[in-house]
Amino acid sequence: MAAPIRPRIPATQFLAAIAFVSAILRSGASDPPLTLDHYASSCPTVFENIRKEMEREVLSDPRSAALVVRLHFHDCFVQGCDGSVLLDDTVMLQGEKTASPNINSLKGFEIIDRIKSKIESDCPRIVSCADILTIAARDAVILVGGPYWDVPVGRKDSRSASYELANTNIPTPNQGLISVISKFLYLGLSITDTVALSGAHTIGMARCENFRARIYGDYELTSGGSPLSEVHLSKLKSACPAAGGGEDNIEPLDYATPYTFDNSYYHLLLNGEGLLNSDQELYSSILAIQTKKLVEQYAFDTGAFFRQFSDSMVKMGNLTNPDSFLQGEVRKNCRLINA
Ligand code: HEM
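Residues numbered from 1 in each chain as written. Predicted model: local features only at pLDDT ≥ 70, side-chain atom pairs only at ≥ 80, totals over all residues. Heavy atoms only, no water.

Here we take up the packing of aromatic side chains. For any pair of aromatic rings, the description rests on two quantities: the centre-to-centre distance and the angle between the ring planes. Under the definition given, this model contains 13 aromatic pairs. Consider the rings of phenylalanine 77 and phenylalanine 184, whose centres lie 4.9 Å apart with planes at 70 degrees: the pair is edge-to-face. Taken together, the residues span a long stretch of sequence, with phenylalanine 77 in the loop between helix 3 (64-76) and helix 4 (109-122) and phenylalanine 184 in helix 7 (residues 177-186) at a distance of 107 residues. Taking the relative accessible area as the measure of exposure, phenylalanine 77 reaches 0% and is therefore buried. Between tyrosine 298 and phenylalanine 305, the aromatic rings sit 5.9 Å apart at their centres with planes inclined by 45 degrees, giving tilted as the arrangement. Aromatic ring contacts, followed pair by pair, group Trp149, Phe261, Tyr265, Tyr266, Tyr298, Phe305, Phe306 and Phe309 into a single cluster. Between lysine 97 and the ring centre of phenylalanine 109, over which it is positioned, the NZ or CZ distance is 4.1 Å. It is lysine 292 that lies over the ring of tyrosine 283; its NZ or CZ is 4.9 Å from the centre. (Phe/Tyr/Trp six-rings, centres within 6.5 Å; stacked < 30°, edge-to-face > 60°. Helix = DSSP H or I, 4+ residues; strand = E, 2+ residues; numbered from the N terminus. Buried < 20%, exposed > 50% of the residue type's maximum accessible area, 1.4 Å probe, protein only. Lys NZ or Arg CZ within 6 Å of the ring centre and 35° of its normal.)

Close contacts around the ligand come from 25 residues, with Arg63, Ser105, His201, Arg207 and Asn210 the closest. One of the backbone nitrogen or oxygen atoms of methionine 205 is found 2.8 Å away from an oxygen atom of the ligand. For the ligand, an oxygen atom lies 2.7 Å from a polar atom in the side chain of asparagine 210. Grouping the amino acids of the shell around the ligand by side-chain chemistry returns 15 nonpolar, 7 polar and 3 charged. The residue makeup of the shell around the ligand includes at least three contributed by each of domain 1 (46-172 + 319-327) and domain 2 (198-312). (Near = heavy atom within 4 Å. Polar contact = N/O pair within 3.5 Å; in protein donor to acceptor, adjacent residues only side chain to side chain. Nonpolar A, V, L, I, M, F, W, Y, C, P; charged D, E, K, R; others polar. Domains from an automatic or database assignment.)

This part takes up the side chain of aspartate 254. In this fold, aspartate 254 is placed in the loop between strand 2 (250-252) and helix 12 (264-270). Buried charge without a salt bridge: aspartate 254, with lysine 235 as the nearest opposite-charge side chain at an N-O distance of 12 Å. In terms of polar contacts, aspartate 254 uses its side chain to reach the side chain of threonine 202, at 3.4 Å. A polar contact is formed between the side chain of aspartate 254 and the side chain of threonine 257, at a distance of 3.1 Å. Beyond its immediate chain neighbours, meaning those up to four positions away, aspartate 254 contacts His201, Thr202, Asp262, Ser264, Tyr265 and Leu268. (Lys, Arg positive; Asp, Glu negative; His and termini not counted. Salt bridge = Lys/Arg side-chain N within 4 Å of Asp/Glu carboxyl O. Contact = heavy atoms within 4.5 Å.)

One pass over the structure, following the stated rule, counts 4 disulfides. Each sulfur in the disulfide pair cysteine 43 and cysteine 123 lies 2.0 Å from the other. Every disulfide takes its handedness from the sign of the S-S torsion; for cysteine 43 and cysteine 123 that torsion is 70 degrees, giving right-handed. Of this pair, cysteine 43 sits in the loop between helix 1 (11-26) and helix 2 (46-60) while cysteine 123 sits in the loop between helix 4 and helix 5 (129-143), and the two are 80 residues apart along the sequence. (Disulfide = S-S within 2.5 Å.)

Time to look at the UniProt feature "binding site: heme b" (unreviewed entry) in the protein. Under the UniProt annotation, "binding site: heme b" (unreviewed entry) lies at His201. Structurally, the position occupied by histidine 201 is in the loop between helix 8 (191-198) and strand 1 (205-207). If sequence neighbours within four positions are ignored, histidine 201 has contacts with Leu253, Asp254, Tyr265, Leu276 and Asp279. (UniProt positions renumbered as here; feature names shortened; annotations may be inferred.)

So, about the environment of valine 46. Relative to the elements of secondary structure, valine 46 occurs in helix 2. Sequence separation of valine 46 and phenylalanine 184 is 138 residues, and the distance between their C-alpha atoms is 30 Å. For valine 46, the contacting residues outside a window of four places in its chain are Tyr39, Ile119 and Val127.

The next subject is the domain arrangement of the protein. For the protein, the domain assignment lists domain 1 (46-172 + 319-327) and domain 2 (198-312). Taking only C-alpha atoms into account, the centre of domain 1 sits 25 Å from that of domain 2. Between domain 1 and domain 2, the contact holds 16 residues from the first and 13 residues from the second. Surface buried jointly by domain 1 and domain 2 totals about 1100 Å² across both partners, of which 70% is contributed by carbon and sulfur atoms. (Buried area = accessible area lost by both parts, 1.4 Å probe.)

Below is the structure:
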């Protein structure tokens, strides 16, 4: 018997539907009361102090910049940017640190602890951990060569975390393009935001378990087997054996300039050498119509990438947790809700 014919929704209509539903869901939320001068009189040194602390961190380990930028992203994608990602598990609270995108992977918590303790000594109980993380992420980008943007502040820290949302909202490397984009659209971020924010992979590292499928999958096909790519691919394969083992071996997301925030990530995608499946899909997926154009634009125009990255970081940083504004607090210790 012939299979029944089901109407199929084209990818573009599917994405438009998600964006529409997400807009409806979010339309009740009030604009975040974030301003540039929130701490102007209560803690005028906050920006300067965070910058100095981040300088120290990046100087002692250049990867610190990447750790902090990723922490901010994983914070904002779960209940908005409310410092929920920083909470430790306790008897009373299940945090987000053991959710699958974070466990054995998300790092940099000690950096935020050190900055917080400096800020607490100058301005006790004034500056939220969520704001510290947001400002530190901006400074991290600047310190490794990326753009400056103004950071609106006034976020509150949540008194809750969501292990479940950390598992569902944060995109994972082996998801398809549509699925990754849907996660951004669901939070009110656009396809342009998706491509620009993915440019954060111009810095930092990934572990073997997150790129094994890619290097034994279509890496050779997308990179066209050029001698240089072949050399790099065999390096990746020796760090990450097909048969397993070496799960935590790390390789740079952007092997050309791993510690510099530039647009070389997009060049990598043009060469078919993106390290994660989700990276390369932005350029090579058969559904990558709009995203491919953006990748090309950012590869050829650093200024366009920097401007869009800055705007998209502000937009992501403005994802708020309405509950935090009503019931939030300024934590004394970023790892624990106040007693
Ligand atoms: C588009 C969907 C995204 C996916 C699927 C994704 C996935 C990943 C994965 C799997 C890693 C490596 C983690 C590990 O192996 O332990 C990683 C690292 C990283 N991600 Fe993403 N990411 C995405 C978007 C973003 C965004 C929007 C940002 C920030 C704006 C970001 C910033 C980073 C940074 C800086 C690193 C390096 C961290 C380090 O050195 O430890 N990512 N990402």
